[in-house]
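# Observations on the model geometry
So the chains spell out like this:
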Amino acid sequence: MNKLDEFLSLARPSSVLIVDDYLKVEKLKERLISDYGFLRLADQTSIWCYSHPQDVARSEEATFIASDFALGPYINTISKFEARNLVKELFKGSMENKEAYIVPYVMGPSNSKFKRVGITITDSPYVVVNMAILNKIYPDALKNFDNVVLGFHSTASMDMKKKRVIHFTEDLEVYSVNTNYGGNVLTGKKCFSLRIASYLGKMEGWLAEHMLISKIINPIINDFTFIAALPSACGKTNLAMLAVPLEYADRGWSVETVGDDICWIFPKDGQLRVINPEYGFFGVAPGTSKRTNPHFMEAFEAGNCVFTNTAVDLDKLEPWWEGIDKPIPRRLRTWQNLDLIEPNPELGPFAHSNSRVTVPITNCPCLYKQWDNPNGHLVHAIIFGCRRHSGMPVVFQARSLDEAIYFATMLKSERTSAQEGVVGALRHDPFAMRPFFSYPIGEYVSHWLSVFRSLKEQPLFFFVNWFKKDSNGQFVWPGFGENIRILEWIIKRCACRVSARETFYGYIPCEEDINLPPSTSYSQLFEIDPEAFEDELDENQVFLEALGSSGPNELLRVQSYLKDQLQN
Ligand code: OXD
Ligand code: MN
């Protein structure tokens, strides 16, 4: 018996449908409307859905890696034996009286040697409809199960206390149960593309990262490619599809998107090639507007989207959320399916702060034409970003590979609503991968160092923070389209067009080399309190020690160099 049959005899669905074409997906979309009370929106191709009120974000506490070894900080481990027993218990009869859907799919361009394939079995039509946007249906995956990543998902009883997402990295299997939230259940996404793929990358010499991929068309370096890691809900999608201000557009600048969330990185002939394994976006809705991300708004208008936990304007049958820059609708359905007439704004928010839009990548008006080039894209710059009101300048460049890896490991960011828990608290988020590590962080850092040391051409490393505030709590940087000014400096550094000012934490722009908007103050953007930095180094020391024996010595060396420099 193969693994799929074994699973089916455990979960016991009443019937099984192989979803090997998009017509079947359309029928399931119909079912979401007829059986689940979701809405078809005015464009006729997009739908609106809502969720269980406690199933609105990724659940880090419920996510596990099955391993017989302790894997260190940020990884919940469960022994393989216990995990197998738990899977049996949680999935036993979980699909009774339900239909099971088998979805074969490919990640990455199907004609690329970098591609990987997966099969997901689920009892949730919502999952199928979303996966058909984010992944490409690929019936060939069913021919041979070798090296195929298998995802097993059941909404079961939706008992939130029994929510689990369990990964067997060596066996290429993921089990997700008692949840229907995208990041927990779209097994091609975080589970496969990050957790399983980064484990495979470690074994095979490549990297799977929580990064966007974008091109900048510009007069300095033709076809410039950068990849950028930012924690969840910190602006990856906005940066990936940045709309440049007129002043830049008139001078031939634009940003074109390759991917907004996941990047697979392959060293090849001494260079770095990257692909986006996904076929769509799963972006945060609140705050998105014609002003903040006009390209994403245009992508929604192209249809075939799934809006989850937004509000709906019932007169226009259009989605609505806080920050959309449209008045609160007269007749509104809230994210929890409550209909209100002329709602009192104080009763809001009406959309959940982590409400999402699932969008086909081909809807993106600024999609790079050869986004799915089977050979991938050559990387010029790597950016790490975070959300911090203090302690990090708006941009700096790392002075060396070791320092870059040190600062990436020590990345910290304020918590957002993309994960369950209290929003705003500063927490370590190494490489913006904290929720997605599947093997010890120290080994992960060593793997990065070994991949980058093998290169003949090194990309440059930069760190950005669009969220720095002044002493009155006001943002010091306007963000969004204006971020192109920072990217311009990054390109100039990559092209060796400008020198830089060295500080105790790295290189920052010389005032005359960066085109700052008139409303900003150079010193506010770049100044960091040396005493606070020193405290942070002490705290980093504790973090490094927690990595234990797997923490590479390079990080300790950078740590003591930074400390000496400060003291001198
Ligand atoms: C996402 C996330 O959905 O990081 O991309 O949570
Ligand atoms: Mn993400």
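Above: the structure in question.
The structure displayed is predicted, hence computed values, not measured ones. (Residues numbered from 1 in each chain as written. Chains lettered and ligands numbered in written order. Predicted model: local features only at pLDDT ≥ 70, side-chain atom pairs only at ≥ 80, totals over all residues. Heavy atoms only, no water.)

### As for the overall build of the protein chain
Within the protein chain, the regular secondary structure consists of 15 helices and 32 strands. For a compact globule of 568 residues, the expected C-alpha radius of gyration is about 24 Å, and the protein chain comes in at 23 Å, within 12% of that figure. Projected onto the principal axes, the alpha-carbon positions of the protein chain cover approximately 70 × 55 × 40 Å. Counting every position in the protein chain, which comprises 568 residues, the buried fraction comes to 61%. (Helix = DSSP H or I, 4+ residues; strand = E, 2+ residues; numbered from the N terminus. Rg over C-alpha atoms; globule rule 2.2 N^0.38 Å. Buried < 20%, exposed > 50% of the residue type's maximum accessible area, 1.4 Å probe, protein only.)

### Side note on the packing of aromatic side chains
Summed over the entire model, instances satisfying the criterion amount to 44 aromatic pairs. Centroid distance phenylalanine 396 to tyrosine 505: 5.3 Å. Interplanar angle 80 degrees. Geometry classified as edge-to-face. Here phenylalanine 396 is found in strand β27 (residues 395-397), whereas its partner tyrosine 505 is found in the loop between β31 (500-502) and β32 (507-509), with 109 residues between them in sequence. No difference in accessibility class separates phenylalanine 396 from tyrosine 505, as the two residues are buried. Plain terms: the ring middles of tyrosine 522 and phenylalanine 526 are 5.1 Å apart, the flat faces sit at 50 degrees to each other, and that makes the pair tilted. Of this pair, tyrosine 522 and phenylalanine 526 are both found in helix α13 (residues 522-526), four residues apart, which corresponds to roughly one turn of the helix. Under the relative-accessibility criterion, tyrosine 522 is labelled buried at 10%. Residue phenylalanine 526 is classed as buried on the basis of its relative accessible area of 4%. Residue placement shows arginine 84 over the ring face of phenylalanine 168; its charged tip is 3.8 Å from the ring centre. Above the face of the phenylalanine 114 ring, lysine 113 is positioned so that its terminal group lies 5.1 Å from the ring centre. (Phe/Tyr/Trp six-rings, centres within 6.5 Å; stacked < 30°, edge-to-face > 60°. Lys NZ or Arg CZ within 6 Å of the ring centre and 35° of its normal.)

### Remarks on the pairing of strand β17 (residues 271-275)
Across a regular strand the side chains alternate sides, sitting on one face of the sheet and then on the other. Of all five residues that make up β17, four are buried, and the element is covered over most of its length. Relative to β17, strand β16 (residues 263-268) runs antiparallel, the two sharing five bridges. Each bridged residue has a counterpart across the sheet, and for lysine 268 the counterpart in β17 is glutamine 271. Counting the residues in the hairpin turn of β16 and β17 gives two residues, including aspartate 269, whose phi is positive at 50 degrees. In the sheet, β17 pairs with strand β25 (residues 377-378) via two bridges, with the strands oriented antiparallel. Bridging across to β25, arginine 273 finds its partner in leucine 378. (Pairing = 2+ DSSP bridges.)

### Details of helix α6 (residues 188-204)
Taking 1.5 Å as the rise per residue, α6 with 17 residues should run 24 Å; its terminal C-alpha atoms sit only 19 Å apart, a clear shortfall. Maximum bend of α6: about 40 degrees, positioned at alanine 197. The buried fraction of α6 amounts to 14 of the 17 residues, a majority that puts the element mostly inside the structure. The positive-phi residue at the C-terminal boundary of α6 is glycine 205, with phi of around 90 degrees. (Expected span 1.5 Å × (residues − 1). Bend = angle between axes of the 7 residues up to and from the residue.)

### Quick word on the site of ligand 1
Surveying the vicinity of ligand 1 reveals the residues Arg58, Lys190, His210, Ser232, Asp261, Phe282, Arg356, Ala418 and Phe436. Histidine 210 places a polar side-chain atom, nitrogen or oxygen, 3.3 Å from an oxygen atom of ligand 1. Calculation on ligand 1 without its partners gives an accessible area of 210 Å², and the protein chains cover 96% of this total. Of the residues belonging to the shell around ligand 1, the class tally is three nonpolar, two polar and four charged. (Near = heavy atom within 4 Å. Polar contact = N/O pair within 3.5 Å; in protein donor to acceptor, adjacent residues only side chain to side chain. Areas by Shrake-Rupley, 256 points an atom, 1.4 Å probe, with all protein chains shown as cover. Nonpolar A, V, L, I, M, F, W, Y, C, P; charged D, E, K, R; others polar.)

### A look at the packing of helix α10 (residues 401-409) against helix α11 (residues 441-453)
Packed helices, taken two at a time, are described by the angle their axes make and the gap between the axes. Contact pair α10 / α11: the axes reach a minimum separation of 11 Å and the direction vectors enclose 150 degrees. When the axes of α10 and α11 are compared, the pair comes out roughly antiparallel. In terms of crossing hand, the pair formed by α10 and α11 is right-handed. Residue-level inspection shows Leu401, Asp402, Ile405 and Thr409 of α10 in contact with α11, the latter providing Val445, Trp448, Leu449, Phe452 and Arg453. Residue composition of the contact of α10 with α11, grouped by class: six nonpolar, one polar and two charged. (Axes fitted to C-alpha atoms, helices over the stretch in contact; angles between N-to-C directions. Parallel < 35°, antiparallel > 145°, perpendicular 65-115°, else oblique. Left-handed = near helix turned anticlockwise from the far one by under 90°. Contact = heavy atoms within 4.5 Å.)

### Thoughts on the coordination of the manganese ion (ligand 2)
At this site the manganese ion (ligand 2) is bound by Lys190 (NZ), His210 (NE2) and Asp261 (OD), with donor distances of 2.1 to 2.2 Å. When the donors of the manganese ion (ligand 2) are listed by position in the chain, the intervening gaps give K-x19-H-x50-D. In this pair, histidine 210 sits in the loop between β12 (207-209) and β13 (211-217) while aspartate 261 sits in the loop between β15 (254-259) and β16, placing the two residues 51 residues apart along the sequence. Its relative accessible area of 8% is what places aspartate 261 among the buried residues. (Donors = N, O, S within 2.8 Å, 3.2 Å for Na, K, Ca; no water.)

### What to know about the environment of threonine 334
You can see threonine 334 is positioned in the loop between β22 (331-333) and β23 (339-341). Under the relative-accessibility criterion, threonine 334 is labelled buried at 8%. On a C-alpha basis, the gap between threonine 334 and phenylalanine 300 in space is 19 Å, while along the polypeptide they are 34 residues apart. With sequence-adjacent residues up to four places away left out, threonine 334 is seen in contact with Trp48, Thr310, Ala311, Leu340 and Phe350.

### Topic: helix α2 (residues 22-36)
Between its first and last C-alpha atoms α2 spans 20 Å; for 15 residues at 1.5 Å apiece the expected length is 21 Å, and the two agree. Packing partners of the buried residues in α2 comprise β3 (47-49), β6 (99-107), α4 (125-134) and β8 (136-137). Its side-chain oxygen placed 3.0 Å from the backbone nitrogen of leucine 23, aspartate 21 serves as the N-cap of α2. Positioned one or two residues after α2, glycine 37 has a phi angle of 75 degrees, which is positive.

### A word on the layout of surface pockets
Unoccupied space between atoms shows up once a probe the size of one water molecule is rolled over them. When its volume is computed, the largest pocket comes out at roughly 1,000 Å³. Along its surface, the largest pocket is lined by 47 residues, and Ala233, Cys234, Gly235, Asn238 and Arg387 are the ones closest to its centre. By residue number, the principal contributor to the lining of the largest pocket is helix α7 (residues 236-240), which donates four residues. Along the lines of polarity and charge, the residues of the lining of the largest pocket split into 17 nonpolar, 18 polar and twelve charged. What the second largest pocket holds in volume is close to 390 Å³. Mapped onto the lining of the second largest pocket, the elements with two or more residues apiece are α2, β6 and α4. (1 Å grid on protein atoms, 1.4 Å probe; cavity = no way out; pocket = protein on both sides within 12 Å on 5 of 7 lines; lining within 4 Å. Points joined across faces, edges and corners; volume = space filled by probe spheres on them.)

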